[in-house]
Every structure is written in C-alpha cells, then in structure tokens.
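Residue strings, one per chain:
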Amino acid sequence: ELFSPSQKYQLLVYHADSLFHDKEYRNAVSKYTMALQQKKALSKTSKVRPSAGNATSTPQSQCLPSEIEVKYKMAECYTMLKQDKDAIAILDGIPSRQRTPKINMMLANLYKKAGQERSSVTSYKEVLRQCPLALDAILGLLSLSVKGAEVASMTINIIQSIPNLDWLSVWIKAYAFVHTGDNTRAINTICSLEKKSLLRDNVDLLGSLADLYFRAGDNKNSILKFEQAQMLDPYLIKGMDVYGYLLAREGRLEDVENLGCRLFNISDQHAEPWVVSGCHSFYSKRYSRALYLGAKAIQLNSNSVQALLLKGAALRNMGRVQEAIIHFREAIRLAPCRLDCYEGLIECYLASNSIREAMVMANNVYKTLGANAQTLTLLATVCLEDPVTQEKAKTLLDKALTQRPDYIKAVVKKAELLSREQKYEDGIALLRNALANQSDCVLHRILGDFLVAVNEYQEAMDQYSIALSLDPNDQKSLEGLQKMEKEESPTDATQEEDVDDMEGSGEEGDLEGSDSEAAQWADQEQWFGMQ
C-alpha cells in the first residue's frame, strides 16, 4: 500500500521478468496478467484525473514498461510451455499497427508451426517491410513456397541503397533453390557466393553447403564442409547433429563420442548434443538408449528433424513400427525436401509388409523431388521387394548409375539384384568400378561376398579386412572373415566355434544389459512432446 499504482505495475513486471529468467513460466504468466490488470486500472484512473495531474505524471508514465512488451513476454512463456494457441491469442490481441518486428516474427513462426500458412506469410512480409534485411524472415517466406523473385523484390530498395550488399540477391536465389529441393543448383549458387571475398569462410554458408551435400547424397563432401566450418568456429552447434550422424554411419564411433562430449560442454540446452550421443548409441545397437536420447532432443526442440529420424529409427529397430511411422511423418512435414525422411518411412512400410503403401510413397517422392539418382534408387528399392517389378527395379538402377556411377546406395541395390540372378562376375566388375574412386565399408564387404561365390578366397579375405579397417563394428564383414578363416583351418573349427559362442554370448549380455538399463529412462520419458 506504500506504492503508487504505477509503481505496483512496475514491480509486478520486474517480478514476472525474474520468474521468467528462473524458468518459472506459469508463475511468470500469472504475474504478467496481474501487471496488465494493474495497467488497465492505471489507465482508467489517469483518464479520470484532471489535466494538471496528468501533466505531472507524464514523465513517470513514459518510463513504465510497455504493455506490448509485457504481452510479448507472456507469449514467450506460453511457447516455453508449448501452449502455442495461447501465445498466438495473446499476440493477436495486439493491434496490427502496434506490432513491432519481433512480435510479427514470433507470430509468423507460430502460425507456420500451426499450419496457418497464409497468416504466416503475411506476418513474415510485415517483418520485411519494417526490416528488409531480416534474413530469418526471408528464409521463412522461401520455406512457405513464396517465389524467390517476389522475396527479392521486397529487398531491392535496400540492396541498391547500401554499398557491398549485392551478394544478398544471390543469397536469396541460393536459398530459393534449397527450399524447392534443387540441391545441385543450390550447391553451385552457394559455391559462387563462397568465392566472393566478403563471404569467404562464412560459417553459416559452409554449414548450409554441408547440409546440401548431405541431402544430395554426397557424404564425403558434406563431412569435409562440416569439418571446415567446425575449424572456423569451435563453438558451432548448428548442423552438428547431421555431422555426427554421418560419422556414425561411417563407423567412426570414437569421433562421434568425442563430438558429443564437446557439444555437451558448449551447451546441453540444444537438441544437437543429444542427437549426436543418440547416434553413437544407435550404431552401437543400444536402441533403448538411442530412443531416450532422441526423445530428450525432441523435448528441447520439437522441430529437430534429425531427432525425429533418430527416435523413429530406434522405434523401428525395436519393432515398434507404428510409433516409428508417426515420427517419420512428422519429419516429412518439417522437411518435405529431405529424402532421408521418406526413406525412413518407406523402410517402416517394408518392415510391416505394406509394400503397396511403400510403392505409393516412393512414386510420390519420385514425382515431387524429380528423377535423380536418389529418388530412382529409392523407387527401385521398393520394386525389389516385389517379384513382379524386378525388371523395373533393374531399369531404374541402371538410370540412377548412369546419372551417378559413384552413388553407393544404387551400387549396393544393383549388386543385390545381380546376387539374386547369380551374376557374380558382373557384380564384381560393378563393385570394382565403384571402389576405383572411393572406399566404403559396405562395398568392400559385398565385393568379399561376391569373391567367395567365385572361389576367390584370398582376395575375399582382403576385402573383408579392408571393410573392417573402415568400420571395426561391421558384424557382417567380421562374420565373413571368420568363416574364411575356419575354412582355411578345418581342424580348429570346433575349438574356434566354442570360443566364438562364449564371446558372442558375453557380448550380447553386455548389449542387453545396457539396453535394459536405458529402457527405464525410455519408459519414463518416451513421448516428450510427441503426443
């Protein structure tokens, strides 16, 4: 009662701000609501007072926290509580003319998340009208299928009025290609930008380039660009989840573990460190732990595509296919131009013998993303599952390999087809050709299998050994090598089998132990943000 009404309003806002920073969001919303009620009462009393009184109180009222800023803070609290509808409602209540760029930006992002694309586009355009250099608003519009030329026209005046800004129109063009799924032209445009002195060694561009190479299936160049970006910025977190996934796929689990530790030291409040650790667990066949880590990443960032893919893959490998399908569909919604999202969903359909659904999805991807080596191979993969469409699979794979003779997935599927037809010599020629300019664990292992089929045992052992040197955890290469060694020394076969049985059971025990331990976490927190 010692304070004036305006001081009470100020104190309530300060209290709410403190609660917000302490992450007590519900309590903060309560105090912000009380503050707005106090401000409403304050406005009424100021209208009743005579004009002389108003004149004296004007300087103090100018210092009061803005009512619009309080509403923005409330919306922030609601988004942290994942109550997006309430956040939209509070910001919608602010008259259009009073909305600042950051309010329009938050509204645009919330509308986009809620699937209200038209409202989202309007809000992004309003941000650009006030701030023509707001790059996030440009990306937002491009992601909602607004034409690159239309977006560029909204920035043309500022580009012409400020020196050394001519790169921006090329930048918009590059990201327009990104969002239409034209990876080749996007890569070429960003490479041309990177050569310009102003944007040379730009970490953001390198990260985008690495991601594009990954989407195009060029994992080698993707890893190279991620490493380059990481060297320039040791505290980089963005994109490191994809980098960790690529390293794990290559069998570099020690590097993945080190990357995860380094990212956790930078921040554990981002999804990326949890995804990287999850990739390490997944490729170590500890699926329950991978599931828990993926769920934790989704809790921190529900828009993390890599986290959804990790959790979906873990669920699929644990036999929970229907739950996995939900996650892959959400990943497709968030990233409709990423082929790996569709691959995960199609693998689920094939795992549950839903070949018809897999075929429909593969055909849709082929039509939507165009006829390139990746989409041709994906469609061929489904065709291989049905004896009726074997010839079609062969034609599609030949087309894919004509476009990209080094595309590993196409080579693997063609080798699978040749193996079924027992055309081992053709398979050996295909694999040797593919391995001429690259080294890959799976290709070396399959070449080993083909060489065994034609009784070239010594070279087969060499190929299995090379495969294991590239990925020491590749079980199939290890089995192939052990089989060769047993055939070379049949007298020791029985003794070796006993040893193998003992080792195998011990190893499985370890894996089961680690899974059961992690399963407790997974059961407790299995759906984080995915209900």
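Residues numbered from 1 in each chain as written. Predicted model: local features only at pLDDT ≥ 70, side-chain atom pairs only at ≥ 80, totals over all residues. Heavy atoms only, no water.

The next thing to look at is the overall build of the chain. Secondary structure summary: the chain contains 30 helices and 0 strands in total. Taken over 531 residues, the chain has a buried fraction of 46%. Residue pairs in contact within the chain that sit at least 24 positions apart in sequence constitute 52% of those at least 6 positions apart. (Helix = DSSP H or I, 4+ residues; strand = E, 2+ residues; numbered from the N terminus. Buried < 20%, exposed > 50% of the residue type's maximum accessible area, 1.4 Å probe, protein only. Contact = heavy atoms within 4.5 Å.)

This part is about a nonpolar patch on the surface. Together, Leu-2, Phe-3, Leu-11 and Tyr-14 give the surface a local cluster of nonpolar side chains, amounting to about 480 Å² of exposed area. Relative to the elements of secondary structure, Tyr-14 occurs in helix H1 (residues 5–21). Residue Tyr-14 is classed as partly exposed on the basis of its relative accessible area of 46%. (Patch = residues over 30% accessible without salt bridge, like charges linked within 9 Å, V, L, I, M, F, W, Y side chains within 5 Å. Areas by Shrake-Rupley, 256 points an atom, 1.4 Å probe, with all protein chains shown as cover. Salt bridge = Lys/Arg side-chain N within 4 Å of Asp/Glu carboxyl O.)

A few words on the pattern of salt bridges. One pass over the structure, following the stated rule, counts 22 salt bridges. Notably, a salt bridge pairs Arg-320 with Glu-323, separated by 2.9 Å at the nearest N-O pair. For Glu-323, a relative accessible area of 22% translates into the label partly exposed. With a closest N to O distance of 3.0 Å, Arg-333 and Glu-330 form a salt bridge. With Arg-333 and Glu-330 both in helix H20 (residues 321–334) and 3 residues apart, the pair spans about one turn of that helix. Judged by its relative accessible area of 44%, Arg-333 falls in the partly exposed class. Where salt bridges share partners, they join Glu-227, Glu-250, Arg-252 and Asp-255 into one cluster.

A separate point is the environment of Tyr-213. The residue Tyr-213 is located in helix H13 (residues 203–215) in this model. Separated by 12 residues in sequence, Tyr-213 and Lys-225 have C-alpha atoms that sit 8.7 Å apart. In contact with Tyr-213, not counting residues within four places along its chain, are Ile-187, Cys-191, Asp-218, Asn-221, Ser-222 and Lys-225.

The positions that UniProt labels "repeat: TPR" (unreviewed entry) are, in the present scheme, residues 305–338 and 441–474. For residues 305–338, helix accounts for 79% and strand for 0%, while the C-alpha atoms at its two ends are 9 Å apart. (UniProt positions renumbered as here; feature names shortened; annotations may be inferred.)

Attention shifts here to helix H22 (residues 355–369). Between its first and last C-alpha atoms H22 spans 21 Å; for 15 residues at 1.5 Å apiece the expected length is 21 Å, and the two agree. Close packing links the buried residues of H22 with helix H21 (339–351) and helix H23 (373–383). Just downstream of H22 lies Gly-370, where phi reads positive at about 90°. (Expected span 1.5 Å × (residues − 1).)

Enumeration over the complete set of coordinates arrives at 8 aromatic pairs. Note on Phe-20 and Tyr-25: the rings are 5.6 Å apart at their centroids and 70° apart in plane angle, and the pair reads as edge-to-face. Taken together through their ring pairs, the aromatic side chains of Phe-282, Tyr-283 and Tyr-287 make up a single cluster. The ring of Phe-20 is capped by Lys-73, whose NZ or CZ atom sits 4.6 Å from the centre of that ring. The positively charged end of Lys-296 is found above the aromatic ring belonging to Trp-274, 5.5 Å away from the centroid. (Phe/Tyr/Trp six-rings, centres within 6.5 Å; stacked < 30°, edge-to-face > 60°. Lys NZ or Arg CZ within 6 Å of the ring centre and 35° of its normal.)

Another aspect to go through is the side chain of Gln-463. Within the secondary structure, Gln-463 sits in helix H28 (residues 457–470). Gln-463 has contacts with His-444, Leu-447, Gly-448 and Leu-451, leaving out every residue within four places of it along the chain.

Looking now at the packing of H21 against H23. Contact geometry of H21 with H23 gives a least axis separation of 11 Å together with a crossing angle of 0°. In this view, H21 runs roughly parallel relative to H23, as classed from their interaxial angle. Here H21 contributes Leu-339, Tyr-342, Glu-343 and Ile-346 to the contact with H23, which in turn contributes Gln-374, Thr-375, Leu-378 and Val-382. Each residue belonging to the contact of H21 with H23 can be placed in one class, and the counts come to 5 nonpolar, 2 polar and 1 charged. (Axes fitted to C-alpha atoms, helices over the stretch in contact; angles between N-to-C directions. Parallel < 35°, antiparallel > 145°, perpendicular 65-115°, else oblique. Nonpolar A, V, L, I, M, F, W, Y, C, P; charged D, E, K, R; others polar.)

The next point concerns the nonpolar core. Residues Ile-346 and Leu-431 are the most contacted members of the largest nonpolar core, which totals 97 residues. Counting 34 residues, the second-largest nonpolar core is a separate cluster that includes Val-127, Val-146, Tyr-175 and Ile-190. (Core = buried A, V, L, I, M, F, W, Y, C linked by side-chain atoms within 4.5 Å.)

Structurally, Ser-281 can be placed in helix H17 (residues 271–283). Beyond its immediate stretch of four places on either side in the chain, Ser-281 contacts Arg-286, Arg-289, Ala-290 and Leu-293.

What follows is about the confidence of the model for the chain. With 89% of its residues at a pLDDT of 70 or more, the chain shows a mean pLDDT of 86. For the chain, the element scoring lowest by mean pLDDT is helix H30 (residues 493–524), at 45; H17 scores highest, at 96. Under a pLDDT of 50 for its full length, residues 50–59 has, in the predicted model, 2 contacts with residues more than four places off or in other chains. When the criterion is pLDDT under 50, residues 491–499 qualifies, and its contacts beyond four places in sequence or with other chains add up to 3 contacts. (pLDDT = per-residue confidence, 0-100.)

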